[in-house]
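# Report on the structure
Residues per chain are reported as follows:
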Amino acid sequence: MTTTVDDALEHGGEFHFFQKQMFFLLSLLSAAFTPIYVGIVFLGFTPDHHCWSPGVAELSLRCGWSPAEELNYTVPGPGPGGEASARQCRRYEVDWNQSTLSCVDPLASLDTNRSRLPLGPCRDGWLYETPGSSIVTEFNLVCANSWMLDLFQSSVNVGFFIGSMSIGYIADRFGRKLCLLTTILINAASGVLVAISPTYTWMLIFRLIQGLVSKASWLIGFILITEFVGRSYRRTVGIFYQAAFTVGLLMLAGVAYALPHWRWLQFTVTLPNFCFLLYYWCIPESPRWLISQNKNAEAMRIFQHIAKKNGKSLPASLQRLRPEEETGKKLNPSFLDLVRTPQIRKHTLILMYNWFTSSVLYQGLIMHMGLAGDNIYLEFFYSALVEFPAAFMVILTIDRIGRRYPWAASNIVAGAACLASGFIPGDLQWLRIIVSCLGRMGITMAYEIVCLVNAELYPTFIRNLGVHVCSSMCDIGGIITPFLVYRLTNIWLELPLMVFAVVGLVAGGLVLLLPETKGKALPETIEEAENMQRPRKNKEKMIYLQVQKLDIPLN
């Protein structure tokens, strides 16, 4: 008797002890991805700083100044309009070692008007007002070198883009398990090398390598867990796998608070990856991949192992397994298929923009919080908590209300929250936190829904290609987000939020131009995809997400 993998799982258990065990193990992998994706908030924290001037410390000691008096007497004030750059990046061109300087307003003897005193760059480095350290304080990534912090975060997103572009082929060619273990090993080694890098250049290189493999291992974990469970559990398991990433956010806030020095923090969050190498003995190869490689005997052994773990038995009639792909005529997908016909072209452009929007707003809001927050540890923790209700709201609404309206509403809420945050007075910090959390919840929901809808809008033969091409825009968004956030805040601290607001509101409006996919069968042909907005007879009652080869980003 010839049967499919899902038929075998119905007998051996679709989500029982074995699948729950695999879900727990792979969810740890998802949580460990967090420090690489958003760790820049703590690794690249920029504290208040000012130029170090030779002789100032000695003069301060001789005069008995307090730290506040030392700053007042020796550091330039804010520039025009309250700009901090003059205070942080310029110093008085004064010889502080001269004995004629008094202890009461020492600059008065040089000029009664401080604004006429010459200013120069910080030639001798900076002093940072922080008890810990970050890559900013160690490598002086401030003032003229501040763009190097942007490059550090962009490099990991470049790695994400290249790695996710190639991981589909590699995992299909060599298997999920081998690819998972290889990427885990490289990720662990490069993470340690980042922690001990002696120079900025070496740190940048190893961070790029981390990006190349870390998202790839996260995606393989996603593929594995969705291939181990039955059809009816795939979507829910996929959403909760992404929720494990949120658990990682909460843990990262606590670890970063306990370890304020970036090298120890980087080393600590990297260590769990070495433990994941033990998965060689814990996680079997995907039976779906084995069947696709015509290794049916090995696949049957794994199914028997799954059934035994689940306390079930496979019937003797299950002798031969076949893959779920259609056995009819094979079509060769092309990039042109994504833009050749009007409706699919519209879907492609809107989906690409929404992937880009989700990435820019998600990463951008986290980075901006690191710049604007009074207590980045607490605010990071609070904003991460709202991702849990976001996941539950997605599960509760997509099959009751549909995909389109919750998706549009989540983008609009995120955009409106960004707009409102920019105009909330500083003394209403509690209101600012609430609005920021609403924005974070909105963009988290949008991120999770786009993962689902992207696959539902394309016909079968270009579905994987469509998800692959559209989702690559989230990595492009991640590449430009650091420059967008850190450069625009130099002009106005809230300017990035205004940009996020426009981007999010436009994304919400564009979503309404897409067809509703709730209750509709996955389209199998170009014609069916073109006619999705017209009522048509359903070919099946349940829609599920085909995830064998999809590149689904994190929430």
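Along each chain, residue indices are assigned from 1 in the same order as the chain's sequence is written. Local features in a predicted model are, by the rule used here, given only for residues with pLDDT of at least 70; side-chain atom pairs are given and counted only at 80 or more, and totals for whole chains, interfaces and linings are based on all residues. Hydrogens and water are ignored here; the side-chain numbers use all heavy atoms of the structure.

The name an unreviewed UniProt entry assigns to the protein is Solute carrier family 22 member 2, from the organism Theropithecus gelada. UniProt positions are given in the numbering used here, feature names are shortened, and annotations may be inferred rather than shown by experiment. Comment text from UniProt for the protein, heading Sequence similarities (unreviewed entry), reads "Belongs to the major facilitator (TC 2.A.1) superfamily. Organic cation transporter (TC 2.A.1.19) family."

Secondary structure elements are defined from DSSP: runs of H or I of at least 4 residues count as helices, runs of E of at least 2 residues count as strands, and each element is numbered from the N terminus. Within the protein, the regular secondary structure consists of 25 helices and six strands. Throughout this description, buried means an accessible area under 20% of the type-specific maximum (1.4 Å probe, protein chains only), exposed means over 50%, and partly exposed covers the range between. Expressed as a percentage of its 555 residues, the buried residues of the protein come to 55%. Within the protein, counting contacts between residues at least 6 apart in sequence, those at least 24 apart form 81% of the total. To be clear on the numbers: accessible area is Shrake-Rupley with a 1.4 Å probe, and residue cover counts the displayed protein chains and nothing else. Working note: accessible area of the protein is about 23,800 Å², and carbon and sulfur atoms make up 64% of it. Pairs of residues are marked as contacts when any of their non-hydrogen atoms sit within 4.5 Å.

Both cavities and pockets are sets of points on a 1 Å grid over the protein atoms alone; in a cavity a 1.4 Å probe fits but cannot get out, in a pocket the set is open with protein on both sides within 12 Å along at least five of seven lines, and lining residues sit with an atom within 4 Å of a point. Grid points are joined across faces, edges and corners, and a volume is the space filled by probe spheres set on the points. Applying the stated criterion across every chain yields a total of seven cavities of 30 Å³ or more. If you add up the space inside the largest cavity, you get close to 300 Å³. Here the lining of the largest cavity gets eight residues from one element, more than from any other, and that element is helix α22 (residues 429–456). When residue character is reported, Ala, Val, Leu, Ile, Met, Phe, Trp, Tyr, Cys and Pro are called nonpolar, Asp, Glu, Lys and Arg charged, and the others, Gly included, polar. Class assignment of the residues belonging to the lining of the largest cavity gives a composition of 11 nonpolar, seven polar and three charged.

For Asn-140, which is not glycine, the phi torsion reads 55 degrees and is therefore positive. Along the polypeptide, Asn-140 turns up in the loop between α8 (135–139) and α9 (147–174). With a relative accessible area of 24%, Asn-140 lands in the partly exposed category.

Before going further, it helps to examine the pattern of salt bridges. Once the charged atoms of two side chains with opposite charge are near each other, the side chains can pair. One side-chain nitrogen of Lys or Arg within 4 Å of one carboxyl oxygen of Asp or Glu is enough to make a salt bridge. A full pass over the atoms with the stated rule returns 12 salt bridges. Arg-91 is the salt-bridge partner of Asp-124, the closest N and O atoms lying 2.7 Å from each other. Taken together, the positions of Asp-124 in the loop between β4 (119–121) and β5 (126–128) and Arg-91 in strand β3 (residues 90–92) put the pair 33 residues apart, joining distant regions of the chain. When its relative accessible area of 37% is taken as the criterion, Asp-124 is described as partly exposed. Residues Glu-138 and Arg-263 are paired through a salt bridge, measuring 2.5 Å at the closest nitrogen-oxygen approach. In this pair, Glu-138 is assigned in helix α8 and Arg-263 in helix α13 (residues 262–270), connecting sequence segments 125 residues apart. For Glu-138, a relative accessible area of 36% puts it in the partly exposed group. By relative accessible area, Arg-263 is classed as partly exposed at 22%.

This part is about the confidence of the model for the protein. As a per-residue measure, pLDDT reflects the predictor's confidence and takes values from 0 up to 100. In the predicted model, the protein carries a mean pLDDT of 85, and the fraction of residues at 70 or more is 90%. The least confident element of the protein is strand β6 (residues 320–322), whose mean pLDDT is 61; the most confident is α13, at 97. The low-confidence segment residues 325–329 (pLDDT under 50) makes three contacts with residues lying over four places distant or belonging to another chain. Throughout residues 536–555 the model reports pLDDT below 50, and contacts reaching past four residues in sequence, or to other chains, amount to 86 contacts.

To obtain an axis, a line is fitted to C-alpha atoms, over the contacting stretch when the element is a helix, and the angle between two such axes runs from 0 to 180 degrees between their N-to-C directions. Relative orientation of the contacting elements helix α12 (residues 234–258) and α13 amounts to 140 degrees, with a least axis distance of 9 Å. As the angle between them shows, α12 and α13 are arranged oblique. Crossing handedness for the pair α12 and α13: right-handed. Across from Leu-252, Val-255 and Ala-256 in α12, the residues of α13 making contact are Leu-265, Thr-268 and Val-269. Its residues placed into classes, the contact of α12 with α13 shows five nonpolar, one polar and no charged. Should an angle lie under 35 degrees it is considered roughly parallel, over 145 roughly antiparallel, and from 65 to 115 roughly perpendicular; all remaining angles are considered oblique. By convention the crossing between two helices is left-handed if the near helix lies anticlockwise of the far one by an angle smaller than a right angle, and right-handed if it lies clockwise.

We now examine the packing of helix α11 (residues 200–228) against α12. Closest axis-to-axis distance for the α11/α12 pair is 9 Å, and the angle between their directions is 150 degrees. In terms of their interaxial angle, α11 and α12 are classed as roughly antiparallel. Both α11 and α12 take part in a crossing whose hand is right-handed. Judged by residue contacts, Trp-218, Gly-221, Phe-222, Ile-225 and Thr-226 of α11 engage Arg-234, Val-237, Gly-238, Tyr-241 and Gln-242 from α12.

Quick look at the state of the cysteines now. Each disulfide consists of one covalent bond between the sulfur atoms belonging to two cysteines. Cysteine sulfurs are considered disulfide-paired once they come within 2.5 Å of each other. Here the structure, examined in full by the defined rule, presents three disulfides. The residue that forms a disulfide with Cys-63 is Cys-103, at a sulfur-sulfur distance of 2.0 Å. Here Cys-63 and Cys-103 share a disulfide; its torsion about the S-S bond, -75 degrees, makes the bridge left-handed. In this pair, Cys-63 is assigned in helix α5 (residues 56–63) and Cys-103 in the loop between β3 and β4, connecting sequence segments 40 residues apart. Across the disulfide from Cys-89 sits Cys-143; the S-S distance is 2.0 Å. Taking the sign of the S-S torsion, -95 degrees for the link of Cys-89 and Cys-143, the bridge is left-handed. Placement of the pair is Cys-89 in helix α7 (residues 85–89) and Cys-143 in the loop between α8 and α9, with a sequence separation of 54 residues. The same class applies to Cys-89 and to Cys-143, which are both buried. Each disulfide in the protein links cysteines that, numbered along the sequence, combine into the pattern 1-5, 2-4, 3-6.

Moving on: the nonpolar core. Ranked by size, the top nonpolar core spans 132 residues in total, and within it Ile-135, Tyr-362, Phe-380 and Trp-407 carry the most contacts. Listed in part, the 11 residues of the second largest apolar core include Cys-63, Trp-65, Tyr-73 and Trp-96. Residues belong to a common nonpolar core when they are buried Ala, Val, Leu, Ile, Met, Phe, Trp, Tyr or Cys residues joined through side-chain atoms within 4.5 Å.

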